[in-house]
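Coordinates in review
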There are 2 protein chains.
Amino acid sequence: MPPNSLDPTISQSLTRDRAENRDVLTRLRTDIVSSEFAPEARLKFAEMTKRYDVGVGTLREALSQLSSEGFVTVEAGKGFRVAPVSAEELLEITDHFINFEKRAVREAIEHGGEDWETNIVAVHHRLSLIEGLPWERRMERHSEWVERHREFHEALVSACQGQWLFRLRSIMFDQLDRYRFVTKRTPEGMGGRKFEEHRDIMTATLARDADLASSLIEQHIRDTSERAIKLL
Amino acid sequence: MPPNSLDPTISQSLTRDRAENRDVLTRLRTDIVSSEFAPEARLKFAEMTKRYDVGVGTLREALSQLSSEGFVTVEAGKGFRVAPVSAEELLEITDHFINFEKRAVREAIEHGGEDWETNIVAVHHRLSLIEGLPWERRMERHSEWVERHREFHEALVSACQGQWLFRLRSIMFDQLDRYRFVTKRTPEGMGGRKFEEHRDIMTATLARDADLASSLIEQHIRDTSERAIKLL
DNA sequence: CTGACCACAACTTTCGAAATTATAGGTGTA
DNA sequence: TACACCTATAATTTCGAAAGTTGTGGTCAG
């Protein structure tokens with residue numbers, strides 16, 4: 001039942017509906033990543049159940065899941081809070097993620113087949129459609145960019161053999177997303193060389209040049225994190 | 001209301017009650033780690049609520065938490081299952097854990113103070129009390145050994161600076177525990193050189209010899225995993 | 001004026017029933 | 001006989017209310 005095409009405000013309703021239909025877990029994580037809730041803010045059940053229109057049980061399940069992902073903290077009897085942020089944590093997360101991502105892309109280059117290659121090209125294209133846009137239009141579709149950016153990096157390493165390597169990498173990536181958000185409103189952060197960097201990473205990966213791809217990815221991630229630290 | 005002292009079967013009721021009083025999450029994890037539920041077995045709510053005497057909501061929260069820890073899998077509408085096991089996964093988990101643990105112990109050696117040292121000695125002593133026992137008595141207290149063993153390795157790295165390093169290390173340790181369980185009933189696995197190995201690791205760590213401690217830990221973990229693989 | 005104690009309010013946590021969704025078995029038709 | 005559909009059953013998933021806890025403000029004794 002997708003009557004989106006009948007809605008007069010098409011472009012808005014498309015993104016809006018997609019956001020609304022996702023489950024509470026995803027919506028809550030998105031709201032925390034995008035600083036909708038400030039770090040260390042209390043997450044009260046009364047407000048949350050109204051905001052997301054779900055029962056307390058469902059909400060509790062989502063919150064406890066987010067706590068094991070590291071996005072919220074929980075203290076017995078005191079409820080849930082948004083996890084704090086710090087420059088030290090960002091530095092550590094960055095190091096772990098780079099470490100994982102480099103190993104993962106190496107494995108993917110070694111084992112990836114035609115489907116893997118094709119998917120990278122496809123996903124990169126969708127990312128470049130947004131990154132090629134002028135500054136203002138990119139800002140409007142920032143949440144879409146976040147999603148495409150995630151898909152692109154995930155596609156790069158999706159052929160890696162280690163299930164846990166992929167899993168650990170993804171945990172760190174989600175955490176990085178939270179810090180990446182602070183660079184949103186700066187032209188350098190949200191634009192700059194991103195377009196070329198992603199293109200170069202893709203080229204090196206498809207050329208099966210693991211050393212080059214690794215080093216490009218490391219620079220790419222470290223640059224972004226260093227910009228974020230200055231803005232924290 | 002702990003009328004344990006009135007119970008005639010004291011030693012049994014003490015350990016039993018301690019197990020019963022822990023929350024559902026811990027009990028369920030213990031039951032999965034100790035192969036109480038076979039890998040890939042379905043975890044039905046009807047049976048679970050009776051077994052642990054909790055409501056479906058509480059159970060659901062525990063299960064979804066365990067799914068993000070990797071102990072159970074969940075498919076929307078199909079319920080929860082115990083996560084599968086494989087030799088490949090054990091090898092990967094072992095590599096990740098050794099990697100984390102070596103870095104963590106290095107950091108701990110660098111930053112650890114007197115409290116850290118004292119705690120290691122104390123926790124190692126409690127571990128050695130069990131490991132010094134003859135074979136049959138050790139078997140009886142296997143679940144206690146698991147707990148002490150966890151505490152010992154945790155104490156070694158508890159002074160490491162990286163919060164996420166510690167966290168990631170702990171996730172891998174819990175996963176290893178599940179595989180370690182298969183070596184339970186073999187004399188070599190559950191005894192052998194464990195006593196001396198743990199003592200040597202402690203000595204090297206307290207002597208602040210990071211290189212030696214790292215290499216001893218790597219051997220220690222890898223030996224155990226290789227034994228487990230043969231029995232899988 | 002200070003400190004402790006008590007009662008009230010707000011919030012978290014848990015439970016069991018109701019609604020929804022998947023599964024298996026059986027019936028009818030080609 | 002094979003295939004599809006429909007029904008009954010069994011499971012998951014969600015919700016709202018009740019029970020339990022923690023925090024707070026006020027009162028009374030010292």
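Residues numbered from 1 in each chain as written. Chains lettered and ligands numbered in written order. Predicted model: local features only at pLDDT ≥ 70, side-chain atom pairs only at ≥ 80, totals over all residues. Heavy atoms only, no water.

Per an unreviewed UniProt entry, chain A is named HTH-type transcriptional repressor CsiR, and its organism is Pacificibacter marinus.

What follows covers the protein's contact with DNA strand C. Contacts to DNA strand C come from 17 residues, most closely from A:Arg60, A:Gly77, B:Gly55, B:Thr58 and B:Lys78. Between DNA strand C and the protein, one listed contact pairs a phosphate oxygen with a side-chain N or O atom of A:Arg42 at 3.1 Å. Contact between DNA strand C and B:Gly55: a phosphate oxygen at 3.0 Å from a main-chain N or O atom of the residue. Elements supplying a minimum of two residues to the surface near DNA strand C: β1 (42–43), α4 (56–69) and β3 (79–82) of chain A together with α4 (56–69) of chain B. (Near = heavy atom within 4 Å. Polar contact = N/O pair within 3.5 Å; in protein donor to acceptor, adjacent residues only side chain to side chain. Helix = DSSP H or I, 4+ residues; strand = E, 2+ residues; numbered from the N terminus.)

Let us look at the protein's contact with DNA strand D. The environment of DNA strand D is made up of 16 residues, and the closest members are A:Gly55, A:Lys78, B:Phe45, B:Arg60 and B:Gly77. Here the atoms of DNA strand D within 4 Å of the protein split so that 81% fall in sugar or phosphate, with bases taking the remainder. Contact between DNA strand D and A:Gly55: a phosphate oxygen at 2.9 Å from a main-chain N or O atom of the residue. Every element with two or more residues in the surface near DNA strand D is listed here: α4 of chain A together with β1 (42–43), α4 and β3 (79–82) of chain B. Taken together, the residues of the surface near DNA strand D break down into seven nonpolar, five polar and four charged. (Nonpolar A, V, L, I, M, F, W, Y, C, P; charged D, E, K, R; others polar.)

This part takes up the pairing of β3(B). Residue and element names in this part refer to chain B. The pairing of β1 with β3 spans two bridges and is classified as antiparallel. Looking across to β3, one finds that leucine 43 is bridged to phenylalanine 80. As paired elements, strand β2 (residues 72–75) and β3 share four bridges and run antiparallel to each other. Looking at β3, one finds that glutamate 75 is bridged to glycine 79. Where β2 folds back onto β3 in an antiparallel hairpin, the turn is made up of three residues, including glycine 77, whose phi is positive at roughly 85°. (Pairing = 2+ DSSP bridges.)

Our focus in this paragraph is the sheet that holds β1(A). Reading across the sheet, the three strands line up as β1-β3-β2 (chain A) and stay open at both edges, with antiparallel pairing between neighbours. Taken across any chain shown, the strands that pair with only one partner, and hence form the sheet edges, are β1 and β2 (72–75) of chain A.

Attention now moves to the side chain of B:Arg148. Along the chain, the position of B:Arg148 falls in helix α8 (residues 142–157). Not counting residues up to four positions away in its chain, the partners in contact with B:Arg148 are B:Val123, B:Arg126, B:Leu127 and B:Ile130. (Contact = heavy atoms within 4.5 Å.)

Residues and elements named next belong to chain B. Strand order in this open sheet of three strands is β1-β3-β2, and the pairing throughout is antiparallel. Strands at the two margins of the open sheet, each flanked by one partner only, are β1 and β2. Here α4 sits on the sheet and contacts β1, β2 and β3; the angle it forms with β2, its principal contact strand, is near 110°. (Axes fitted to C-alpha atoms, helices over the stretch in contact; angles between N-to-C directions.)

Further remarks concern helix α11 (residues 194–206) of chain A. Side chains three or four residues apart in an α-helix point the same way, a direct result of the helix having 3.6 residues per turn. The end-to-end C-alpha distance of α11(A), which contains 13 residues, comes to 18 Å, matching closely the 18 Å that a straight helix rising 1.5 Å per residue would cover. A:Arg208 sits one or two residues past α11(A) and shows a positive phi near 60°. (Expected span 1.5 Å × (residues − 1).)

Each side of the interface is counted separately: chain A has 24 residues, and chain B has 24 residues. The largest share of the area that chain A buries against chain B comes from A:Glu61, A:Glu92 and A:Trp164, three residues that together contribute 31% of it. Across the chain A-chain B interface, the total number found is two salt bridges. In this structure, B:Arg60 and A:Glu61 form a salt bridge, with 2.6 Å as the shortest nitrogen-oxygen distance. Residue composition of the side of chain A that touches chain B, grouped by class: seven nonpolar, ten polar and seven charged. (Buried area = accessible area lost by both parts, 1.4 Å probe. Salt bridge = Lys/Arg side-chain N within 4 Å of Asp/Glu carboxyl O.)

Packed helix pairs are characterised by how far apart their axes lie and by the angle those axes make with each other. Residue and element names in this part refer to chain B. Direction vectors running N to C along helix α5 (residues 87–111) and helix α9 (residues 163–180) enclose 140°, while the axes themselves pass 9 Å from each other. By the angle between their axes, α5 is oblique relative to α9. Crossing of α5 over α9 shows left-handed handedness. Along its contact with α5, which presents Glu89, Leu90, Ile93, Thr94, His96, Phe97, Phe100, Glu101, Arg103, Ala104 and Glu107, the element α9 presents Leu165, Leu168, Arg169, Met172, Phe173, Gln175, Leu176 and Tyr179. Residue composition of the contact of α5 with α9, grouped by class: eleven nonpolar, three polar and five charged. (Parallel < 35°, antiparallel > 145°, perpendicular 65-115°, else oblique. Left-handed = near helix turned anticlockwise from the far one by under 90°.)

Here the focus is the relation of the copies chain A and chain B. Each copy of the sequence occupies a distinct position, and chain A is placed on chain B by a rotation of 180° and an axial shift of 0.0 Å, giving an RMSD of 0.1 Å. Taken together, the rotation and translation relating the two chain copies correspond to the operation of a two-fold axis. Of all interface residues in chain A, 100% are interface residues in chain B too; the two copies therefore contact each other through one and the same surface. (Least-squares fit on C-alpha atoms with pLDDT ≥ 70 in both.)

According to the stated counting rule, one finds 41 salt bridges over all chains in the structure shown. The salt bridge partner of B:Glu218 is B:Lys102, with a shortest N-O separation of 2.6 Å. Note that B:Glu218 is positioned in helix α12 (residues 210–231) and B:Lys102 in helix α5, a separation of 116 residues in sequence. Overall, B:Glu218 belongs to the partly exposed group, its relative accessible area being 21%. For the salt bridge of B:Arg208 with B:Glu117, the shortest nitrogen-to-oxygen distance reads 2.6 Å. Of this pair, B:Arg208 sits in the loop between α11 (194–206) and α12 while B:Glu117 sits in helix α6 (residues 114–131), and the two are 91 residues apart along the sequence. What makes B:Arg208 partly exposed here is its relative accessible area of 32%. You can call B:Glu117 partly exposed: its relative accessible area is 28%. Bridged by salt links that share partners, the residues A:Arg126, A:Arg141, A:Glu144, A:Arg148 and A:Glu151 form one connected network. (Buried < 20%, exposed > 50% of the residue type's maximum accessible area, 1.4 Å probe, protein only.)

This brings us to the side chain of B:Ser67. With respect to the helices and strands, B:Ser67 occurs in helix α4. Each residue touching B:Ser67, except ones within four places of it in the same chain, is listed here: A:Gln65, A:Arg167, B:Val72 and B:Val74.

Applying the stated criterion across every chain yields a total of five aromatic pairs over all chains. Between B:Phe45 and B:Phe80, the ring centres sit 6.2 Å apart and the planes meet at 65°, which makes this aromatic pair edge-to-face. Taken as a pair, B:Phe45 in helix α3 (residues 45–52) and B:Phe80 in strand β3 lie far apart in primary sequence, 35 residues in all. With a relative accessible area of 25%, B:Phe45 lands in the partly exposed category. B:Phe80 sits in the buried class, given a relative accessible area of 3%. A cation over an aromatic ring shows up here: A:Arg169 above the ring of A:Phe166, its NZ or CZ 5.6 Å from the ring centre. Above the plane of the ring of B:Trp164 lies B:Arg167, whose end atom (NZ or CZ) is 4.8 Å from the centre. (Phe/Tyr/Trp six-rings, centres within 6.5 Å; stacked < 30°, edge-to-face > 60°. Lys NZ or Arg CZ within 6 Å of the ring centre and 35° of its normal.)

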